[in-house]
Amino acid sequence: MDGVDGLVLSAETAIGDYVLECVNQMRRIAYQAEKSTDYMDYAIKTMKNVPRPLSVSESIASSAVLAARQVNAAIIVVITEVGGTAKLVAKYRPPMPIVAVSRLPNTTRQLNIGFGIVSYHHKGAADAVVTDTLKYAVELGLCTPGQIAVLTSGQVLGFSEGTTTKMQFMQVPNF
């Protein structure tokens, strides 16, 4: 409800005979809190508090979440190098999973703790990143063939490196 990405057990509850019970109780509390949070309202409030003018990456991230809601997309795929755009997308708390794909293992490890982010370390050819990521998402059960995925990516030409400049819709193919 406060916009945190995670919860941490302190020493008082993380040490002792009932650690698993504490973790399970915290999970149940977090689950109930998630069910009662209006993330659309949260996204609107977040957008109102973002300084203007928006950066290109911020605009793409917020637009991707809004568009994904509007078309009832199953997932948002963020092709990222260091994870900045994945974090921006997560800031708007989309109701669908964010699959953040990077070729850098450090990036994918760090993104695992972000709200709603499922990270994917892509080791294959650069031209197969979208197909491989969608296949990974299907294998995890995050989406099914025929559903819509919203993809974000960047370009270097005309923009500084690391700027997300593109958003597109794609139907998840049959694998």
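Here the structure is a predicted model, which is why all the values come from computation and not from measurement.

**Some thoughts on the packing of helix H4 (residues 56-70) against helix H5 (residues 84-91)**
- It is at 8 Å that the axes of H4 and H5 come closest, and there the two elements cross at 50°. One way to sum up the angle between H4 and H5 is to call them oblique. Here H4 runs over H5; the crossing is right-handed. Residues Ser57, Glu58, Ala61 and Val65 of H4 form the contact with H5, whose own contacting residues are Thr85, Leu88, Val89 and Lys91.
- Grouping the constituent residues of the contact of H4 with H5 by class yields four nonpolar, two polar and two charged.

**Some remarks on the sheet that holds strand S5 (residues 164-171)**
- If you walk across this open sheet you meet the five strands as S3-S2-S1-S4-S5, and the pairing is mixed. The sheet terminates laterally at strand S3 (117-121) and S5, the two strands that pair on one side only. Neighbour-to-neighbour, the strand axes of the sheet open up by a mean angle of 20°, direction not taken into account.
- The pairing of strand S2 (residues 98-102) with S3 spans five bridges and is classified as parallel.

**Here we look at unusual backbone geometry**
- Between Arg52 and the following residue, Pro53, the backbone shows a cis peptide bond with an omega angle of -10°.
- Take Pro53: it is sitting in the loop between helix H3 (39-48) and H4.
- Its identity is not glycine, yet Asn72 carries a phi of approximately 55°, on the positive side.
- Relative to the elements of secondary structure, Asn72 occurs in the loop between H4 and strand S1 (75-79).

**A word on the pattern of salt bridges**
- This structure, assessed with the given rule, holds two salt bridges.
- The salt bridge partner of Asp41 is Lys45, with a shortest N-O separation of 3.2 Å. With Asp41 and Lys45 both in helix H3 and four residues apart, the pair spans about one turn of that helix.
- For Asp41, a relative accessible area of 31% gives the class partly exposed.
- As a salt-bridge pair, Glu58 and Lys91 come within 2.8 Å of each other at their nearest N and O atoms. Of this pair, Glu58 sits in helix H4 while Lys91 sits in helix H5, and the two are 33 residues apart along the sequence.
- The exposure class of Glu58 is buried, given its relative accessible area of 9%.

Calculation rules
- Residues numbered from 1 in each chain as written.
- Predicted model: local features only at pLDDT ≥ 70, side-chain atom pairs only at ≥ 80, totals over all residues.
- Heavy atoms only, no water.
- Axes fitted to C-alpha atoms, helices over the stretch in contact; angles between N-to-C directions.
- Helix = DSSP H or I, 4+ residues; strand = E, 2+ residues; numbered from the N terminus.
- Parallel < 35°, antiparallel > 145°, perpendicular 65-115°, else oblique.
- Left-handed = near helix turned anticlockwise from the far one by under 90°.
- Contact = heavy atoms within 4.5 Å.
- Nonpolar A, V, L, I, M, F, W, Y, C, P; charged D, E, K, R; others polar.
- Pairing = 2+ DSSP bridges.
- Salt bridge = Lys/Arg side-chain N within 4 Å of Asp/Glu carboxyl O.
- Buried < 20%, exposed > 50% of the residue type's maximum accessible area, 1.4 Å probe, protein only.

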